[in-house]
Amino acid sequence: MHSQQQTLVYRLFYNLPTLVFLRKRKDDMSDKHVRMHSSFALDRASTNVAAAQMRNALNKLGEGIADTKQRESFEAEMDGFFELYQRYLISTVKGEKLNWANVHTPTPEEVVDYSKLRAQKEPEEPESAKKYLSKLGVLKLNGGLGTSMGCVGPKSIIEVREGKSFLDLMVRQIENLNRVYGADVPFILMNSFNTDSDTETIIEKYKGHNINIRSFNQSKYPRINKDTLLPIPESAQDSPDAWYPPGHGDIFESMYRTGVLDELINAGKEILFVSNGDNLGATVDLDILKYMIDSDSEYIMEITDKTRADVKGGTIINYNGNVQLLEIAQVPKEHVEEFKSIKKFKYFNTNNLWINLKAIKRVVESQELKLEILPNPKSIVRGGKETQVLQLETAVGAAIRYFKNAKGVNVPRSRFLPVKTCSDLLLVKSDLYTLQRGTLVLSPNRYGGVPLIKLGDNFKKISDFQKRIPHIPAIIELDHLTVTGNVYFGKNVELKGTVIIVCEEGNKIQIPPGSTLENVVITGSLSILEH
């Protein structure tokens, strides 16, 4: 067995004397075939033991819930977690790996170029567009916190442009769509237990707007103690640090469990447009919507051309004749560089997805969905003691292989505008973009793609970013910006070409108001050198 498998097996058998004879039997036998057979028996027995222990622990967690409806809801969530846990155990001891020989670039039929959709006859405005929009619902993944940018609460409430938050811009986009076309496109938020309460409070301000907003909570799963492989929480009411949201692959089960899926279907909706809440480029596109309905595709993944910054992103592949998503975590080590190749794998997944609602119901009810499990190790502190935990997560893009006539659409880069860091925030706040009815539009004065911006740790938190760059520089002609150290920007600064600003520890660099920096390197002495 591999070392990872051995570790898991020995951990499961620790303090289990009634089953130790299996290991002894394995050691005593010399025949190779018998050794392999006993190893399989050991693996299978160990997973059964671990599964039984986990099942008992989950049952105990729900015993303290007095309300019958709440207990049933909790038990349904734990059933979903247990199914994921069982699959994780089996895949770990089996050592399942991707067969790289079966990995191929997608066929021309599996990837459609966006320009071909635009070349088709567009819907006649506004009645034809309204007909298509009447079948659409829009869902934003809203489970993430703003902690990576130094904020408290949901990331969607961070101000990104002209006093508007991510959520404000999303609402404005759907409102405008409904107003222009006389449509009724519902707006749905999938929250996590980390973001639900704050989000519910915030969306109250949109009452009276021309938009139907609905939110629901995705599943809440127990973190797993990495040493014992048992749940961290001791009761259903345990503190939030004992639980985790299991990734956006949970969308299908959560929509079904909460009744949101049936609500949309009963309202006559057929298509759900899903995207990350921090992707400001993910707006409703009538061409893609029309293509999906007319082509009877059950699942469309928007993909875009890879750049050097995207080589680790998930990519669409043909695997054993089926369209599939391949993440770097699934790639054998010896093929990682090949995976990063822009020549062989030209696209990456934007996580803008168009999915047929009735098809979702079919794959959930038939229990077809077996999404690839992404183990996510974490370290938490409970009772003053550091504990290593494991989170089992899944990704919504991995579901593509379970839907009929699934395709990728190669879209322009403008449909992928995520804000993950303050470097991204500088881009979307700058003169590169204008805000039009909730949508960021790239300036016609900009030639080529967006510049590469790298801000150092001093700019990691939004509060520091705002303090150091109180006035956003003009960057229409910028190609590359790197800033590290104790640096401050004055008002009306313009950056062009390649600008590198490096402040050594103990020094301070103040970029004077009205400065124009073009192809320069600035050091702690504020000397400007040709670059």
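Counting from 1, residues in each chain are numbered in the order their sequence is written. Only residues with pLDDT of at least 70 are given local features in this predicted model, and only at 80 or more are side-chain atom pairs given and counted; all residues enter the totals for whole chains, interfaces and linings. Where side-chain values are given, they derive from all heavy atoms of the structure, hydrogens and water being excluded.

Colleague: How would you summarise the packing of helix α9 (residues 251–258) against helix α13 (residues 357–365) if you had to cite specific residues and measurements?
Modeller: What describes two packed helices is the angle between their axes and the distance between those same axes. Only the contacting stretch of a helix is used when fitting its axis, a line to C-alpha atoms as for every element, and angles between N-to-C directions run 0 to 180 degrees. Secondary structure elements follow DSSP: runs of H or I no shorter than four residues count as helices, runs of E no shorter than two count as strands, and numbering proceeds from the N terminus. The contact between α9 and α13 brings their axes to 10 Å, and the two run at 95°. In terms of axis orientation, α9 runs roughly perpendicular to α13. On α13, the residues that touch Phe 252, Glu 253, Met 255 and Tyr 256 of α9 are Leu 357, Ile 360, Lys 361, Val 364 and Glu 365. For the contact of α9 with α13, the class distribution of residues is six nonpolar, no polar and three charged. These descriptions rest on fixed angle ranges, namely under 35 degrees for roughly parallel, over 145 for roughly antiparallel, 65 to 115 for roughly perpendicular, and the rest for oblique. Should any heavy atoms of two residues lie within 4.5 Å, those residues are considered in contact. Each residue gets one of three labels, nonpolar for Ala, Val, Leu, Ile, Met, Phe, Trp, Tyr, Cys and Pro, charged for Asp, Glu, Lys and Arg, and polar for the others, Gly among them.

Colleague: With reference to specific residues and values, describe the confidence of the model for the chain.
Modeller: The pLDDT averaged across the chain works out to 88; a share of 89% of its residues lies at or above 70. On a range of 0 to 100, pLDDT expresses the predictor's confidence in each residue. Note that pLDDT drops below 50 for residues 1–42; the model gives that stretch 46 contacts with residues more than four away or on any other chain. The low-confidence segment residues 527–531, where pLDDT is below 50, has 15 contacts with residues more than four positions distant or belonging to other chains.

Colleague: A description of the sheet that holds strand β3 (residues 136–142) should follow, citing residues and the corresponding values.
Modeller: In sheet architecture, strand pairing relies on hydrogen bonds along the backbone and comes in two forms, parallel and antiparallel. We call two strands paired when DSSP finds no fewer than two bridges between them. The strand order β2-β18-β12-β15-β11-β3-β6-β7 describes an open sheet built from eight strands, whose pairing is mixed. Two strands close off the open sheet at either side, each with one partner strand: β2 (111–113) and β7 (213–217). Here the average twist between neighbouring strands, direction ignored, is 25°. Each of β3, β6 (187–191) and β7 is contacted by helix α7 (residues 166–181), which is oriented at about 155° to β6, the strand it contacts most. Strand contacts of α13: β11 (271–276) and β15 (347–356), with the helix running at about 90° to β15, the strand carrying the most contacts.

Colleague: How would you summarise the pattern of salt bridges if you had to cite specific residues and measurements?
Modeller: Salt bridge, as used here: a side-chain nitrogen of Lys or Arg that lies within 4 Å of a carboxyl oxygen of Asp or Glu. Under the defined criterion, the tally for this structure stands at 24 salt bridges. Of the charged contacts, one joins Arg 362 and Glu 298 as a salt bridge, the two residues approaching to 2.9 Å between their closest N and O atoms. On the criterion of sequence distance, the pair formed by Arg 362 in helix α13 and Glu 298 in the loop between α11 (286–295) and β12 (299–305) is long-range, its members being 64 residues apart. We classify Arg 362 as partly exposed; its relative accessible area is 27%. Burial classes follow relative accessibility: with a 1.4 Å probe on protein chains only, a residue under 20% of its type's maximum area counts as buried, one over 50% as exposed, and anything between as partly exposed. Its relative accessible area of 11% is what places Glu 298 among the buried residues. Glu 494 serves as the salt-bridge partner of Lys 496, at 3.9 Å between the closest nitrogen and oxygen. Given the relative accessible area of 27%, Glu 494 is considered partly exposed. Overlapping salt bridges, with partners in common, bring together Glu 83, Arg 87 and Lys 370 in one network.

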